Amino acid sequence: AFCQYVDTSKTDLACEGLNGMAVGSQTLTVKRANVRPPSETQPVASAADLESSIMSKLGGLTGGLDSGDIIRPTRILVLLNMVKREELLDDAEYEDIKADIKGECELHGKVVSIVIPRPDRIDPGANVPGLEKVYVEFSAELDAIEARSKLEGRSFGDASVGCEFMDEKDFKDLIKRI
């Protein structure tokens, strides 16, 4: 595993303190990463090649779990398997859920808005666009990408969190419909 310290002046001290430490039946080996000298670096690729390389390393990001369509990352991240219809009926529970999700997402970047569609109070069984999904709008695509990499697959209650990106125009259209 690799670690990067915010205060790089502490790196050697941390390596010294952790190297040789017993953890269970194993002994940690901690040292600075080997950095390739500049003469061994690869030639600079074109912007298109670089983008293609990054997209392939991100695993062929899909827009929808059921669509199979490839979509470029956007500022809108949709979280799946995090909320259930019945949890969204109670105002206090809804606000707690929204605050918890916002707090978690803010660990990965600036959150502009969070939209969690709620069931109709008069007819809780009615079809509501986007129900049981959480829409998080980040200020930057990179924040949404980081959040996805950290949140996808995590356990949340008895489910595994799913993530997908959503086109920003589609997000705006959804907001108008709910």
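Calculation notes
- All residue numbers refer to positions counted from 1 along the written sequence of the respective chain.
- Only residues with pLDDT of at least 70 get local features here, since the model is predicted, and only at 80 or more are side-chain atom pairs given and counted; chain-wide, interface and lining totals rely on the full set of residues.
- Side-chain numbers come from the whole structure's heavy atoms, not from hydrogens or water.
- Strands are runs of DSSP state E lasting at least 2 residues, helices are runs of H or I lasting at least 4, and numbering of each runs from the N terminus.
- Only protein chains enter the accessibility calculation, which uses a 1.4 Å probe; a residue is then buried when its area is under 20% of its type maximum, exposed when over 50%, and partly exposed in between.
- Contact definition: two residues touch when any of their heavy atoms are within 4.5 Å.
- Put simply, a salt bridge is a Lys or Arg side-chain nitrogen that is within 4 Å of an Asp or Glu carboxyl oxygen.
- When the centres of two rings from Phe, Tyr and Trp lie within 6.5 Å, Trp using its six-membered ring, the rings pair. Their planes under 30 degrees apart give stacked, over 60 give edge-to-face, and anything left gives tilted.
- Both a distance and an angle decide whether a charge sits over a ring: NZ of Lys or CZ of Arg must be within 6 Å of the ring centre and within 35 degrees of the ring normal.
- Polar contacts, as used here, are pairs of N or O atoms within 3.5 Å; protein pairs need one atom able to donate a hydrogen and one able to accept it. Residues neighboring in sequence count only if both atoms are side-chain atoms.

### Quick word on the environment of E146
Here comes step 1: Mapping E146 onto the fold places it in helix 4 (residues 141-151).
Here comes step 2: A relative accessible area of 35% means that E146 is categorised as partly exposed.
Here comes step 3: Taking the C-alpha atoms as reference points, E146 and C105, 41 residues apart in sequence, are found 9.6 Å from one another.
Here comes step 4: Filtering out sequence-adjacent residues up to four positions away, E146 remains in contact with L107 and H108.

### Here's the deal with the pattern of salt bridges
Here comes step 1: Inspection of the entire model under this criterion finds nine salt bridges.
Here comes step 2: A salt bridge links D91 to R121, with the shortest nitrogen-to-oxygen separation between them at 2.2 Å. Separated by 30 residues along the polypeptide, D91 in helix 3 (residues 91-105) and R121 in the loop between strand 4 (111-115) and strand 5 (133-138) bring together distant segments of the chain.
Here comes step 3: R121 gets classed as exposed once you look at its relative accessible area, which sits at 55%.
Here comes step 4: Here R148 and E152 are joined by a salt bridge, their closest N and O atoms 3.2 Å apart.
Here comes step 5: With relative accessibility at 34%, the residue E152 sits in the partly exposed group.
Here comes step 6: Overlapping salt bridges, with partners in common, bring together R75, E137 and E168 in one network.

### Some words on the packing of aromatic side chains
Here comes step 1: Under the criterion given, the structure shown has one aromatic pair.
Here comes step 2: An angle of 35° between the planes, with centres 6.3 Å apart, marks the rings of Y135 and F171 as tilted. In this pair, Y135 is assigned in strand 5 and F171 in helix 5 (residues 168-177), connecting sequence segments 36 residues apart.
Here comes step 3: Residue classification places Y135 among the buried positions, given a relative accessible area of 4%.
Here comes step 4: For F171, a relative accessible area of 3% translates into the label buried.
Here comes step 5: The side chain of R118 reaches across the aromatic face of Y94, ending 4.1 Å from its centre.

### Describing the environment of E137
Here comes step 1: Tracing the chain through its elements places E137 in strand 5.
Here comes step 2: On the basis of relative accessible area, E137 is assigned to the buried category, the value being 15%.
Here comes step 3: Separated by 63 residues in sequence, E137 and T74 place their C-alpha atoms 9.0 Å apart.
Here comes step 4: Within polar-contact distance, the side chain of E137 engages the side chain of R75 at 3.0 Å.
Here comes step 5: A distance of 2.8 Å separates polar atoms of two side chains, one belonging to E137 and the other to S113.

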